[in-house]
Amino acid sequence: MALYTLPKLPYAYDALEPYIDAKTVEIHYSKHHAAYLNNLNKILEKYPEISENSTIEEILTNINDVPADIRQQVINQGGGFANHNLYWSILSPNGGGVPSEKISQAIIEQFGTFDELKRQLKDAAIGVFGSGYGFLVMDKDSKKLEIMQTKNQDSPLSFNKIPLIIIDVWEHAYYLLYQNRRADYVERLFNIIDWDKIESLYNEAL
Ligand code: MN
């Protein structure tokens, strides 16, 4: 009984060099990401109707509908699965540069300038104490862009937010190449953020 499956990595392990090295991408994807997926599928064996009827995004959005005995495990492992699905999808060897189109208007409206968005997003990601993420999200009610931090594998979806940019600052995301220099990793990640993908996520979220 296959439940959720690992999305194919949309580029080769070495495609994000020199910003993220091939070994880090390989381990992060084939070990860490895959482990969250496998753990999630195992946890959901007890309640097959959940995975038959819902995407992982729907489950995390309605996290309080998940049976209490597995809820925290779904937050951890399901969050880990969904967060990494997003992470790989918003990076590209052809990324970088500055956003255009609709999202750039929303960025100007909310942050004044692109540089200010970048500054706030970097600060949020670098400032996570321990393991977690910095995000650019859209609030589902106000439709406004916001910067957000989450801890562990918590997903913005469980807090009424739609994630658009995710910056993984778990040490497994950068330690081989950057060691303790999390700020350098975060700064250089902007060279591979795929703004076309962010634009399409933004339009879907609207
Ligand atoms: Mn990770």
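Notes on the structure follow. Quantities reported herein were computed from a predicted structural model and do not represent experimental measurements.

1. So, the overall build of the chain
So, point 1. Regarding its fold elements, the chain presents nine helices and three strands.
So, point 2. Across the chain, helices and strands are ordered from the amino to the carboxyl terminus as α-α-α-α-α-α-β-β-β-α-α-α.
So, point 3. Relative to the compact-globule value of 17 Å for 206 residues, the chain shows a C-alpha radius of gyration of 17 Å, a close match.
So, point 4. By residue count, 50% of the 206 residues in the chain fall in the buried class.

2. Structural notes on the environment of Gly 79
So, point 1. With respect to the helices and strands, the residue Gly 79 is situated in helix 4 (residues 68-89).
So, point 2. Overall, the relative accessible area of 0% leaves Gly 79 in the buried class.
So, point 3. Sequence-distant contacts of Gly 79, defined by excluding residues within four places in its chain, comprise Leu 60, Val 74 and Gln 153.

3. Quick notes on the coordination of the manganese ion
So, point 1. Of the protein atoms, only His 28 (NE2), His 84 (NE2), Asp 168 (OD) and His 172 (NE2) coordinate the manganese ion, at distances of 2.0 to 2.2 Å.
So, point 2. In the primary sequence, the donor residues of the manganese ion line up as H-x55-H-x83-D-x3-H. Here Asp 168 lies in strand 3 (residues 161-168) and His 84 lies in helix 4, a separation of 84 residues in the sequence.
So, point 3. On the accessibility criterion, His 84 (0% relative accessible area) is buried.

4. Details of the sheet that holds strand 3
So, point 1. Read across the sheet, three strands follow the order 2-1-3 without closing on themselves; strand pairing throughout is antiparallel. One side of each edge strand has no neighbouring strand; the edge strands of this open sheet are strand 2 (145-151) and strand 3. Within the sheet, the average angular offset between the axes of one strand and its neighbour, ignoring direction, is 30°.
So, point 2. Pairing geometry for strand 1 (residues 132-139) and strand 3, over seven bridges, is antiparallel. Counterpart to Asp 139 in the pairing with strand 3 is Lys 161.
So, point 3. Sheet contacts for helix 9 (residues 195-205): strand 1, strand 2 and strand 3; angle to strand 3, the most-contacted strand, approximately 160°.

5. A look at the environment of Leu 3
So, point 1. Topologically, Leu 3 is positioned in the segment before helix 1 (22-44).
So, point 2. When its relative accessible area of 17% is taken as the criterion, Leu 3 is described as buried.
So, point 3. Each C-alpha atom of the pair Leu 3 and Asn 41 lies 6.0 Å from the other, and the pair is 38 residues apart in sequence.
So, point 4. Residues contacting Leu 3, with those up to four places away along its chain left out, are Asn 41, Leu 44 and Ser 51.

Cut-offs and rules
Residues numbered from 1 in each chain as written. Predicted model: local features only at pLDDT ≥ 70, side-chain atom pairs only at ≥ 80, totals over all residues. Heavy atoms only, no water. Helix = DSSP H or I, 4+ residues; strand = E, 2+ residues; numbered from the N terminus. Rg over C-alpha atoms; globule rule 2.2 N^0.38 Å. Buried < 20%, exposed > 50% of the residue type's maximum accessible area, 1.4 Å probe, protein only. Contact = heavy atoms within 4.5 Å. Donors = N, O, S within 2.8 Å, 3.2 Å for Na, K, Ca; no water. Pairing = 2+ DSSP bridges. Axes fitted to C-alpha atoms, helices over the stretch in contact; angles between N-to-C directions.

Purely geometric numbers; function is a separate question.
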